[in-house]
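# Remarks on the overall topology
The primary structure of each chain is shown beneath.
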Amino acid sequence: MPVELSLGRAGGPGTELSLEQDGGVIVRRSVLPGGIRVLTEQVPGVRSTTVGAWVAVGSRDELDGHHGSTHFLEHLLFKGTPRRDAMAIAEAFDAVGGEANASTGKEHTCYFARVLDADVPLAVDVIGDMITSALLDPEEFETERGVILEELAMNEDDPTDVVHEEFATLVFGDHPLGRPIGGTQDTIRAVPRDAVWDHYRRTYVPRELVVTAAGSVDHGALCDQVLAAATAGGWDLDPTGVPADRRSGDLGPGVPVLGGSALTVHRPTEQANIVLGGRGPNANDDRRFTLRVLHAVLGGGMSSRLFQEIREKRGLAYSVYSFASGYAEAGLFGMYAGCAPGRVDQVVELLGSELDRFAAEGITAGELERAVGQLSGGLVLGLEDTGSRMSRLGRAEIVHGELPSVEEMLGKIRAVTVGAVNDLATELAAAPRSLVVVGPFDDDVAAAALGVSSGQRR
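The structure presented is a predicted model; accordingly, all values stated were derived computationally and were not measured.

## Details of the sheet that holds strand β3 (residues 26-31)
Spatial strand order, β2-β3-β4-β8-β5-β7-β6: seven strands in an open sheet with mixed pairing. The open sheet terminates on both sides in strands that have one partner only, identified here as β2 (16-20) and β6 (99-104). Pairs of neighbouring strands in the sheet enclose a mean axial angle of 10°, with direction left out of account. In the sheet, β2 pairs with β3 via five bridges, with the strands oriented antiparallel. Bridging from a neighbouring strand, S18 pairs with R28 of β3. Against the sheet, helix α13 (residues 386-400) touches β3, β4 (37-42), β5 (48-55), β7 (109-116) and β8 (209-215), its axis set at about 30° to β5.

## With respect to the confidence of the model for the protein chain
Looking at the protein chain as a whole, its pLDDT mean stands at 92, while 95% of the residues score no less than 70. For the protein chain, the element scoring lowest by mean pLDDT is strand β1 (residues 5-6), at 57; helix α3 (residues 120-133) scores highest, at 98.

## Details of the packing of aromatic side chains
Scanning all chains against the criterion turns up nine aromatic pairs. Taking the centre distance of 6.3 Å and the plane angle of 45° together, the rings of F78 and Y111 count as tilted. Separated by 33 residues along the polypeptide, F78 in the loop between α1 (69-76) and α2 (86-94) and Y111 in strand β7 bring together distant segments of the chain. For F78, a relative accessible area of 22% translates into the label partly exposed. With 6.1 Å between their ring centres and 80° between their planes, F167 and F323 make a pair best called edge-to-face. Remark: F323 occurs in strand β11 (residues 320-326) and F167 occurs in helix α5 (residues 159-172); sequence separation between them is 156 residues. Relative accessible area serves as the criterion here: at 0%, F167 is assigned to the buried category. Its relative accessible area of 14% is what places F323 among the buried residues. Members of the aromatic cluster, joined through ring pairs, are F78, Y111, W197, Y200 and Y204. Its end group placed over the ring of F358, R305 keeps NZ or CZ at 4.8 Å from the ring centre.

## Examining the nonpolar core
Judged by nonpolar contacts, the single largest core of 52 residues is most densely connected at I274, L294, L351 and V437. Examining the composition of this core, we find that eight residues originate from one element, helix α11 (residues 344-361), more than from any other. In this view, L351 contacts I274, L276, L306, I310, V320, M335 and A337; residues no more than four positions away in its chain are not counted. V51, L77, F93 and I127 belong to the second-largest nonpolar core, a separate cluster that totals 47 residues.

Rules used in this analysis
- Residues numbered from 1 in each chain as written.
- Predicted model: local features only at pLDDT ≥ 70, side-chain atom pairs only at ≥ 80, totals over all residues.
- Heavy atoms only, no water.
- Pairing = 2+ DSSP bridges.
- Helix = DSSP H or I, 4+ residues; strand = E, 2+ residues; numbered from the N terminus.
- Axes fitted to C-alpha atoms, helices over the stretch in contact; angles between N-to-C directions.
- Contact = heavy atoms within 4.5 Å.
- pLDDT = per-residue confidence, 0-100.
- Phe/Tyr/Trp six-rings, centres within 6.5 Å; stacked < 30°, edge-to-face > 60°.
- Buried < 20%, exposed > 50% of the residue type's maximum accessible area, 1.4 Å probe, protein only.
- Lys NZ or Arg CZ within 6 Å of the ring centre and 35° of its normal.
- Core = buried A, V, L, I, M, F, W, Y, C linked by side-chain atoms within 4.5 Å.

And the structure:
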């Protein structure tokens, strides 16, 4: 029977873990000099490999005056090093039919590539060069500032993006988790190159780097390639260096628990975009599998209560669902719907009443069985590609500190009980609620729909 790979404490250089998981998959973890961590999942029968270089630093870690730096770096690392200009980086992947990209989060940043197994050394060399030796050329910096401003403007034109970003800000307030991941127009315009360079030199260091790879990959060879890339980049690979501690809920200032609030954002749209919710469990809460089941029943598919009540029965929305985001010490829980502007009050009332009914009446054994089946199928299907497996390794190392096998994860889902789901629903329903409405409104429709005396307007 597969055994959970517990990553435990980060460990020092030379720390090695290895385990065979489902279907002959071999997972290995090594800590290299400087505290660099390397995790691989060797998947039989595939010819491709996805490699990711994770820096365990995100937008929440930016210092005052550095806001927007994390997203800036995601762009700038592709713009050149002493060994390669931007075109050479792009050509390196195009020449082998590979795909390369990056993503920024509130708590980590990842640069990744999917290539044939023979081209893994190339991918590691290029990404390693970018991570260790980015130039942040002043001229390229200003050019990319314009590109990022256009990206933010594009997001501002998408009311779905706006409503989710504003909801996080409303729930988390002035805490760093409430800041937009990509920065704002004002912070991107204001941040100087020196601040971004400072952020880069402070955070892109060996102890924060996690390299993960899944597919046709040789663990020992990958470790050698990562060390070679870090050495070529001039990193100080202290033989006694240890990885950074994993982020936990008791690090840094606590996230304030705010009362319910409302925000109306004016946009000349055809639809109103609505998010109603509040605080939820953090990323490592023991109830995270219970939360998955709750979402499957409440708003996770065509048979979910929100979909059936708001779309199928009443025809009030095309898109309606529930969601959650977990971070080290706090999380978000919310319900989204897009509807005609004149139906905001009705839809908000239905979102809230469905959550209240969920808490009051609980779920049935049949709903639990369907949710478990839905989640089990989705979990297995989601791991059919090397990119998903690479990401699972990164989250396991940076966030959870453990890597359950697929069978163990299925077991955790099957172990969820009706009572556990009902208890969590009761807790979520009792928490203060915040509401964001984005649409063609001059009046404070969010405050009126939430039933508070006044709210914010933008």
